[in-house]
Amino acid sequence: WPSIFSGLEIIVNRVTLSHRDPGGSPSLYDLLVSLEKGHVAKLTLADVEAELDYFPGTMVFISGIILEHSTSVGPWGSGERFVIA
């Protein structure tokens, strides 16, 4: 189907280490969406020294090629964790 996005990644039951997205464009934003329920996650933006709550239902637009970013999850508990990036 037609899409305005150049790529799509689904991350399931994982945390991501600190990184930049090499295939991105500095003039475009990446949409990150946290899905499912019952988890306490953080989105860390190292370049601006920010740690943001990344609860289920959260949508964040960042320039992934410019901002170094990572995720972490608090108590894992039960259930699945999905992120669409």
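Sequence positions are assigned chain by chain, starting from 1 and proceeding in written order. The predicted nature of this model means local features are confined to residues of pLDDT at least 70 and side-chain atom pairs, given and counted, to a pLDDT of 80 or more, with totals for whole chains, interfaces and linings taken over all residues. The side-chain figures draw on all heavy atoms in the structure; neither hydrogens nor water molecules are used.

Here we look at the environment of Glu-9
No. 1: Runs of E in the DSSP output that reach at least two residues are strands. Runs of H or I that reach at least four are helices, and both are numbered from the N terminus. Along the chain, Glu-9 turns up in the segment before β1 (10-12).
No. 2: In this scheme, a residue with accessible area under 20% of its type's maximum is buried, one over 50% is exposed, and one in between is partly exposed, where area comes from a 1.4 Å probe on protein chains only. In this structure Glu-9 comes out as partly exposed when scored by relative accessible area, which is 47%.
No. 3: Here the alpha-carbon distance between Glu-9 and Val-83, two residues 74 residues apart in the chain, equals 8.1 Å.

A word on the side chain of Ser-63
No. 1: Inspection of the secondary structure puts Ser-63 in the loop between β5 (59-62) and β6 (69-73).
No. 2: The criterion used for residue contact is that any of the two residues' heavy atoms lie within 4.5 Å. Here Ser-63 is in contact with Ser-25, Pro-26, Leu-28, Tyr-29 and Asp-30, once residues within four sequence places are set aside.

Structural notes on the pattern of salt bridges
No. 1: Basic side-chain nitrogens of Lys or Arg form a salt bridge, by our definition, when they fall within 4 Å of a carboxyl oxygen of Asp or Glu. Taken as a whole and judged by the stated rule, the model has 3 salt bridges.
No. 2: Note that Arg-20 and Asp-47 form a salt bridge whose closest N and O atoms lie 2.9 Å from each other. Here the residue Arg-20 occupies a position in the loop between β1 and β2 (30-35), and Asp-47 occupies one in the loop between β3 (41-45) and β4 (50-53), the gap between them amounting to 27 residues.
No. 3: The exposure class assigned to Arg-20 is partly exposed, which follows from its relative accessible area of 39%.
No. 4: We classify Asp-47 as partly exposed; its relative accessible area is 37%.
No. 5: Of the charged contacts in the structure, one is a salt bridge between Arg-20 and Glu-68, with a shortest N-O distance of 3.6 Å. With a gap of 48 residues between them, Arg-20 in the loop between β1 and β2 and Glu-68 in the loop between β5 and β6 connect regions that are remote in the sequence.

Quick notes on the sheet that holds β4
No. 1: Paired strands, as defined in this entry, are two strands with at least two bridges between them according to DSSP. What the 3 strands build is an open sheet, ordered β4-β3-β6; its pairing is antiparallel. Edge strands, defined here as strands with exactly one partner in the open sheet, are β4 and β6. This sheet shows a mean twist of 25° between the axes of neighbouring strands, independent of strand direction.
No. 2: One ladder, built from 4 bridges, connects β3 with β4; its direction is antiparallel. From the neighbouring strand, Leu-45 faces β4, where its bridge partner is Ala-50. With axes taken as lines fitted to C-alpha atoms, and helix axes fitted only over the stretch in contact, angles between N-to-C directions fall between 0 and 180 degrees.

Here we look at the nonpolar core
No. 1: In this description, a nonpolar core means a group of buried Ala, Val, Leu, Ile, Met, Phe, Trp, Tyr and Cys residues linked to one another through side-chain atoms lying within 4.5 Å. Ile-11, Leu-32, Ala-41, Leu-43, Leu-45, Ala-50, Tyr-54, Val-60, Ile-62, Leu-67 and Val-83 form the largest nonpolar core, which has 11 residues in total.
No. 2: Sort the elements by how many residues they give to this core and β3 lands first, with 3 residues.
No. 3: What Ala-50 contacts, discounting residues up to four positions off in sequence, is Leu-43, Thr-44 and Leu-45.

Some words on a nonpolar patch on the surface
No. 1: A surface patch of nonpolar side chains, amounting to about 280 Å² of accessible area, comprises Leu-8, Ile-10 and Val-12.
No. 2: Take Ile-10: its relative accessible area is 54%, and that puts it in the exposed class. Residues qualify for a patch when their relative accessible area is over 30% and they have no salt bridge, like charges being joined within 9 Å and the nonpolar side chains of Val, Leu, Ile, Met, Phe, Trp and Tyr within 5 Å. We get accessible surface area from the Shrake-Rupley algorithm with a probe of 1.4 Å; when it comes to residues, only the shown protein chains can shield them.

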